[in-house]
Amino acid sequence: MRFCHMILRAGIALGSITAAHDVVADATILNVSYDVSRELYKDINPAFVAEWKTQTGEQLTINQSHGGSSKQALSVVNGLEADVVTMNQAPDIDILASRANLVSADWSKRFPHDATPYTTTSVFLVRKGNPKGIKDWNDLARPGIQVIVPNPKTSGNGRYTYLAAWGYALTKNAGSDAAARDFVSKLFANVPVLDGGGRGATTTFTQRGVGDVLATFENEAILIEREVGADKFDIVYPPLSIEAAAPVAVVDKVVDKRGTRKQAEAYLRFLFSPPGQDIIARHHFRPRDAAVFKKYAGGFPAIKTFTVHEQLGGWAKVQKEHFADDGILDQIMVRR
Amino acid sequence: MNRATTYRVLPGFGLSLGYTLAYLSLIVLIPLAAVFLKTFSLSFEQFWAAISAPRVVASYKLSFGASLLAAAINTVFGMMLAWALVRYTFPGKRIVDALVDLPFALPTAVAGIALTALYAPNGWLGQILEPLGIKVAFTPLGVLVALIFIGLPFVVRTVQPVLADLETELEEAAASLGAQRWQTFRLVILPILLPALLTGFALAFARAVGEYGSVIFIAGNIPMVSEITPLMIITKLEQYDYTGATAIACVMLLLSFALLLVINGLQAWTQKRGEKGS
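Residues numbered from 1 in each chain as written. Chains lettered and ligands numbered in written order. Predicted model: local features only at pLDDT ≥ 70, side-chain atom pairs only at ≥ 80, totals over all residues. Heavy atoms only, no water.

## Looking at the nonpolar core
- Counting 93 residues, the largest nonpolar core has Val85 and Tyr162 of chain A as the members making the most contacts within it.
- Take this core: its biggest share by element is nine residues, from helix 7 (residues 156-172) of chain A.
- Taken together, domain 1 (2-118 + 244-299) and domain 2 (120-243 + 302-335) of chain A each give at least three residues to this core, which thus spans both.
- Discounting residues that sit within four places of it in the chain, Val85 of chain A has contacts with Asn31, Val32, Val76, Ile93, Leu96, Pro247, Val248, Ala249 and Val251 of chain A.
- Judged by nonpolar contacts, the second largest core, of 39 residues, contains Phe64, Ala71, Val156 and Ile263 of chain B. (Core = buried A, V, L, I, M, F, W, Y, C linked by side-chain atoms within 4.5 Å. Buried < 20%, exposed > 50% of the residue type's maximum accessible area, 1.4 Å probe, protein only. Helix = DSSP H or I, 4+ residues; strand = E, 2+ residues; numbered from the N terminus. Domains from an automatic or database assignment. Contact = heavy atoms within 4.5 Å.)

## Concerning helix 8 (residues 177-189) of chain A
Residue and element names in this part refer to chain A.
- Taking 1.5 Å as the rise per residue, helix 8 with 13 residues should run 18 Å; its terminal C-alpha atoms sit 18 Å apart, in good agreement.
- Among all positions in helix 8, only Ala180, Phe183, Val184, Leu187 and Phe188 are buried. One side of helix 8 holds all its buried residues, which, seen down the axis, span an arc of 130 degrees.
- For helix 8, the secondary structure elements touched by its buried residues are helix 6 (137-140), strand 6 (147-150), helix 7 and helix 17 (328-334). (Expected span 1.5 Å × (residues − 1). Arc of directions from axis to C-beta.)

## As for the domain arrangement of chain A
All names here are of chain A.
- Looking at the assigned domains, one finds that chain A contains domain 1 (2-118 + 244-299) and domain 2 (120-243 + 302-335).
- Taking the mean C-alpha position of each, domain 1 and domain 2 sit 26 Å from one another.
- Tallying the contact residues gives 15 residues for domain 1 and 19 residues for domain 2.
- Summing both sides of the interface, domain 1 and domain 2 together bury roughly 1700 Å²; the carbon and sulfur share of this comes to 50%. (Buried area = accessible area lost by both parts, 1.4 Å probe.)

## Let's talk about helix 2 (residues 38-56) of chain A
Residue and element names in this part refer to chain A.
- Here helix 2 spans 27 Å end to end across 19 residues, near enough to the 27 Å set by a 1.5 Å rise per residue.
- Those residues of helix 2 that sit buried are Leu40, Tyr41, Ile44, Asn45, Phe48, Val49 and Trp52.
- Close packing links the buried residues of helix 2 with strand 2 (27-33), strand 3 (60-66), strand 4 (84-86), strand 5 (118-127), helix 12 (261-272) and helix 13 (274-282).
- Following helix 2 by one or two positions, Gly57 adopts a phi angle in the positive range, close to 80 degrees.

## Concerning a negative patch on the surface
- A cluster of like negative charges, contributed by Asp165, Glu167, Glu169 and Glu172 of chain B, occupies part of the molecular surface.
- Note that Glu169 of chain B resides in helix 10 (residues 168-176). (Patch = residues over 30% accessible without salt bridge, like charges linked within 9 Å, V, L, I, M, F, W, Y side chains within 5 Å. Areas by Shrake-Rupley, 256 points an atom, 1.4 Å probe, with all protein chains shown as cover. Salt bridge = Lys/Arg side-chain N within 4 Å of Asp/Glu carboxyl O. Lys, Arg positive; Asp, Glu negative; His and termini not counted. Charge placed at Lys NZ, Arg CZ, Asp CG, Glu CD.)

## Quick word on a nonpolar patch on the surface
Residues and elements named next belong to chain B.
- A contiguous nonpolar patch, built from Tyr19, Tyr23, Leu24, Leu26, Ile27, Val28, Leu29, Ile30 and Leu32 and spanning about 890 Å² of accessible area, is present on the exposed surface.
- The topology assignment puts Tyr19 in helix 2 (residues 13-39).
- Look at Tyr19 and you get exposed, because its relative accessible area is 56%.

Structure, rendered in structure tokens:
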């Protein structure tokens with residue numbers, strides 16, 4: 001019985017909100033975030049709570065909720081009272097503005113760098129020694145290569161990989177959309193398993209031993225190399241990739257109702273401050289602060305990146321053309 | 001119909017019927033009505049486009065095909081299991097009996113992860129099957145395996161009590177009247193078990209059609225190949241397409257309801273035939 005109980009509890013804990021502190025607090029705020037930012041906010045939160053305490057004397061409690069980025073945004077639209085949202089792609093915050101008016105439409109102007117405290121990029125993780133000789137995006141579209149990517153429809157991680165491949169093909173083919181489509185079709189024809197999120201893809205590649213290459217975020221790749229073993233995997237940086245900027249926003253409607261605007265704004269500002277940026281860099285995300293970046297530059301090999309905005313015409317266009325129902329992604333997947 | 005046949009010995013018919021209807025409405029009908037209502041906000045063209053997209057149609061085929069097959073396999077092997085549990089005593093019987101219920105109790109995600117680990121190319125069973133050219137994890141076959149796993153207890157638990165009531169004297173009588181073993185099974189035991197087997201089949205099928213958690217880990221979720229219908233619904237939800245999701249849900253509901261109706265009709269028919277025969 002006790003065993004069953006344990007399994008049950010583990011199951012519940014998977015999707016639940018975990019309180020970071022048991023201390024009786026003057027105020028609480030809830031940060032609704034994406035799947036693989038767990039480890040980052042586990043370090044950010046105590047640091048900010050301490051700073052807030054010395055500044056104002058108020059004991060703050062920060063609760064975290066994690067899950068697939070779009071699913072999390074959906075929960076907030078449906079009434080989960082998030083004071084702040086910290087996502088990995090802009091559409092998941094735009095939806096809060098367009099669907100439910102929870103966030104003002106100019107949310108990206110509220111904080112520096114379009115409200116993105118850090119970036120990461122899509123890189124490759126290959127089996128030790130790189131037996132298939134994978135160096136660049138065109139190697140992923142070669143016949144006989146198995147590529148592990150999470151589903152771009154449901155995962156920000158997969159979405160960035162898809163867009164990185166598309167942008168790469170545009171550069172190589174003088175901006176031809178037809179050539180890009182052909183290239184991305186070939187790449188996705190090499191995908192044997194489509195997981196719903198980034199962590200699922202990691203498990204498929206590292207634990208189940210499926211695939212020759214995992215295309216994922218740089219921070220996730222470094223984490224795998226460190227945690228699972230550098231003797232099993234190598235990280236390969238393609239010469240060109242996409243800049244994946246992680247946006248944050250204060251949920252206006254919720255903070256005004258709960259009276260937590262002050263705390264929520266200070267919390268997000270902390271992410272942009274040098275101490276916050278330092279923690280971010282230690283978790284292998286590329287910080288915006290030049291001095292902090294320099295300090296950790298050894299961990300971030302130089303890589304040429306493009307943004308969704310400059311190479312692909314912005315999120316609204318990409319969303320409509322590629323990821324909407326019957327968009328290019330759907331067409332590619334059906335005709336594999 | 002005359003008064004004599006409608007006269008009821010047990011009192012409280014009105015009350016219990018009222019209670020039944022109120023309870024069913026609250027728990028089942030109102031939530032389902034909400035699904036249909038939401039769907040009505042679509043025009044017919046939009047509805048048709050949502051439910052007849054090639055990927056969605058491929059998912060119906062997999063979901064309903066694999067569920068029917070899994071239920072059929074469970075009916076055969078579940079009956080054998082129930083037979084062994086009822087008719088024989090052996091050491092550890094109680095443990096085996098308890099094991100049957102495990103798929104009920106286990107969170108489906110745990111089952112899915114365990115099955116995937118087992119059948120993946122580097123898993124215990126996967127590495128034996130892979131050289132033989134049999135791929136289970138991340139293929140439709142994996143979906144079938146997961147559905148068999150979660151459906152098994154339904155057949156065993158519906159057949160078991162009926163078998164327990166079935167007296168061995170009946171088989172002895174058949175044997176003493178010159179019936180062969182196969183004849184005894186086909187003409188004496190099977191007709192009595194059939195209604196229970198059909199109920200078990202229906203339950204296992206219904207459970208399998210709606211299953212999400214365990215399948216999602218082992219399926220590989222490749223469009224047109226190994227996407228189940230519940231995944232299509234979740235995918236639509238994650239893209240904020242509520243009405244598209246409910247449209248597919250409607251189709252699933254109606255198909256499942258129709259199939260269950262047929263199975264229940266069959267069950268009633270076999271029961272009636274069985275009663276007439278004895």
